[in-house]
Amino acid sequence: MPDVSIVNQTVTAAPGDYIVPGAADLQPKAVRAAMDGSGAATSWLPALQLLDPAGHVMWTAVDTSSPVAAGGSADVSWFPDVSHSGGATFGASWITIFDTAVSVNSGGGYTSYDFTAGTAYTNDSTTFTIAAGTGLHINSKGWYAQIAQMDWDISAAPAGVAEMRSGIPNISNAMHGTDTFLDYFSGGVEGQATTTLSFGFPVNSTTVGSHGVLFLRQNSGAVATCNLQFSIVRLTSDSGNF
Amino acid sequence: MAAPLNVWMPDNVDLGAGYTLRVTALSPTTGALVAGVNVTTTVIEGAGTGDLSSGDFLAGPFMLVPGPNA
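Residues numbered from 1 in each chain as written. Chains lettered and ligands numbered in written order. Predicted model: local features only at pLDDT ≥ 70, side-chain atom pairs only at ≥ 80, totals over all residues. Heavy atoms only, no water.

1. Remarks on the overall build of chain A
Here's step 1: Of the regular secondary structure elements, chain A holds 0 helices and 19 strands.
Here's step 2: Burial status across chain A gives 43% buried among its 242 residues.
Here's step 3: Taking the intrachain contacts of chain A between residues at least 6 apart in sequence as the baseline, contacts between residues at least 24 apart amount to 71%.
Here's step 4: Accessible surface for chain A amounts to roughly 11,300 Å². Of this, 52% is attributable to carbon and sulfur atoms. (Helix = DSSP H or I, 4+ residues; strand = E, 2+ residues; numbered from the N terminus. Buried < 20%, exposed > 50% of the residue type's maximum accessible area, 1.4 Å probe, protein only. Contact = heavy atoms within 4.5 Å. Areas by Shrake-Rupley, 256 points an atom, 1.4 Å probe, with all protein chains shown as cover.)

Here it is, written out as structure tokens:
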């Protein structure tokens, strides 16, 4: 059965009603209304309502995010299961830090990297701050995801193994017993001119002010440099355990 | 009246005789009818049976009151 178009172009003061006539049956698929609010002294919301035969409002379809200003007009359409997205913006807090030519000595000891030499970009300078020595501070509770990548330049060094380890912050209560460090990633350099190591894992900041640095090491036998990219994004404001 | 929530038109609505589709203007703060708004055109797309075009388009609550000769 094809759809029908039921049209009313008579200007009426809101509300404008359509009553399903006797012996008829209607499955509405869309409703459009042109509304002239030039006489409205306040802002208003175009709305579509269904009333039962006794006059009870059964539902109201309305977009509260788009009020029409006083005196304004609107041409509005309603569709099943479709609403305004609200123009939501990406609200997660994040920070990304870049650095180049980070020098890492060869040997068993870690080189501490506190991010201060890098270039940081963030949309939330309250949640994320960087301090010399103590590194990246996370000032809001929550679950975070951190992603790190380092590109090693070992062209002047013999083959070795590089490792990067994050101390930001601990998730000791949730996943790793009493470990202070979250996790680490290591890989063989195998004498290639460059190699990339990366990791990604969650962070649970259960206390405001959690902070940490990156730990880098390699055992190529000579000083090597790497380019770093470190990103962390806040996933939730709930810091509860899994 | 409480302010309305942000909801959409439900799916699979099947209306029998006497049900009303109402286009209206509500206050964002109270949900009450806002005066001074005219509905200049209403178009309903739908499927159904019967002579739907004979349905009553009524203007304002005052039109719901039967007239002297009703």
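2. Focus on the overall build of chain B
Here's step 1: Counting secondary structure elements, chain B contains 0 helices and 3 strands.
Here's step 2: Mapped in sequence order, the helices and strands of chain B form the string β-β-β.
Here's step 3: A burial count over chain B gives 39% of its 70 residues as buried.

3. Structural notes on the interface of chain B and chain A
Here's step 1: Contacts between the two partners involve 53 residues from chain B, matched on the other side by 67 residues from chain A.
Here's step 2: Counting the surface lost from both chain B and chain A, the interface buries some 6,400 Å², and carbon and sulfur atoms represent 58% of this.
Here's step 3: In this structure, the connection of chain B to chain A is made through 1 salt bridge.
Here's step 4: One salt bridge connects B:R22 with A:D17, and the closest N-O pair in it is separated by 2.8 Å.
Here's step 5: Among the secondary structure elements, those contributing two or more residues to the side of chain B that touches chain A are strand 1 (20–26), strand 2 (38–49) and strand 3 (56–59) of chain B. (Buried area = accessible area lost by both parts, 1.4 Å probe. Salt bridge = Lys/Arg side-chain N within 4 Å of Asp/Glu carboxyl O.)

4. Description of the nonpolar core
Across soluble globular proteins, you tend to see nonpolar side chains buried next to one another.
Here's step 1: If you look at the biggest cluster of nonpolar residues, it comprises 29 residues, and the most contacted ones within it are A:W44, A:L48, A:W78 and B:L21.
Here's step 2: Of all the secondary-structure elements, those providing two or more residues to this core are strand 4 (25–36), strand 5 (45–51), strand 6 (57–62) and strand 7 (74–78) of chain A together with strand 1 and strand 2 of chain B.
Here's step 3: Sort the elements by how many residues they give to this core and strand 4 of chain A lands first, with 4 residues.
Here's step 4: Apart from residues lying up to four places away in sequence, A:L48 is in contact with A:V31, A:W59, A:T60, A:A61, A:W78, B:M9, B:L21, B:R22 and B:V23.
Here's step 5: Counting 18 residues, the second largest nonpolar core, distinct from the first, contains A:I95, A:I138, A:L214 and A:L228. (Core = buried A, V, L, I, M, F, W, Y, C linked by side-chain atoms within 4.5 Å.)

5. What to know about the packing of aromatic side chains
Residue and element names in this part refer to chain A.
Here's step 1: Under the definition given, this model contains 3 aromatic pairs over all chains.
Here's step 2: When the centroid spacing of 5.4 Å and the interplanar angle of 70° are considered together, the rings of Y113 and F115 count as edge-to-face. The pair Y113 / F115 is uniform in exposure class, with both members buried.
Here's step 3: Every member of this aromatic cluster is reached through a ring pair, and the members are Y113, F115 and F230. (Phe/Tyr/Trp six-rings, centres within 6.5 Å; stacked < 30°, edge-to-face > 60°.)

6. Details of empty space enclosed by the protein
Here's step 1: Scanning all chains against the criterion turns up 1 cavity of 30 Å³ or more.
Here's step 2: Each pocket or cavity is described by its volume, and for the largest cavity that value is around 30 Å³.
Here's step 3: Listed by contribution, the elements that provide at least two residues to the lining of the largest cavity are strand 3 (16–19) of chain A together with strand 1 and strand 2 of chain B.
Here's step 4: Counting residues per element, the lining of the largest cavity draws most heavily on strand 3 of chain A, which supplies 3 residues. (1 Å grid on protein atoms, 1.4 Å probe; cavity = no way out; pocket = protein on both sides within 12 Å on 5 of 7 lines; lining within 4 Å. Points joined across faces, edges and corners; volume = space filled by probe spheres on them.)

7. Quick look at the confidence of the model for chain A
Residues and elements named next belong to chain A.
Here's step 1: This prediction gives chain A a mean pLDDT of 74; 69% of its residues lie at or above 70.
Here's step 2: Least confident of the elements in chain A is strand 15 (residues 183–188), whose mean pLDDT is 42; most confident is strand 5, at 93.
Here's step 3: Within the model, the stretch residues 169–195 combines pLDDT values under 50 with 75 contacts to residues more than four positions away or in other chains. (pLDDT = per-residue confidence, 0-100.)

8. Overview of the confidence of the model for chain B
Residues and elements named next belong to chain B.
Here's step 1: Confidence in the prediction for chain B averages 73 pLDDT; 60% of positions are at 70 or higher.
Here's step 2: Looking over chain B, one finds the lowest element-wise mean pLDDT in strand 3, namely 48, and the highest in strand 1, namely 93.
Here's step 3: Across residues 58–67, where pLDDT falls below 50, the model places 15 contacts with residues more than four positions away in sequence or in other chains.

9. A word on the environment of A:S93
All names here are of chain A.
Here's step 1: Structurally, the position occupied by S93 is in the loop between strand 7 and strand 8 (94–104).
Here's step 2: A sequence separation of 34 residues divides S93 from T127, and the C-alpha atoms of the two residues are 7.4 Å apart.
Here's step 3: Filtering out sequence-adjacent residues up to four positions away, S93 remains in contact with N123, D124, T127, F128, I232, V233 and R234.
Here's step 4: Within the local environment of S93, its side chain forms a polar contact with the side chain of D124, the two groups lying 2.6 Å apart. (Polar contact = N/O pair within 3.5 Å; in protein donor to acceptor, adjacent residues only side chain to side chain.)

10. A look at the side chain of A:D124
Residue and element names in this part refer to chain A.
Here's step 1: With respect to the helices, strands and loops of the structure, D124 is situated in the loop between strand 10 (119–122) and strand 11 (128–131).
Here's step 2: Despite its burial, D124 pairs with no opposite charge, the nearest such side chain being R234 at 5.4 Å.
Here's step 3: Within the local environment of D124, its side chain forms a polar contact with the backbone nitrogen of T126, the two atoms lying 3.1 Å apart.
Here's step 4: Beyond its immediate stretch of four places on either side in the chain, D124 contacts S93 and W94. (Lys, Arg positive; Asp, Glu negative; His and termini not counted.)

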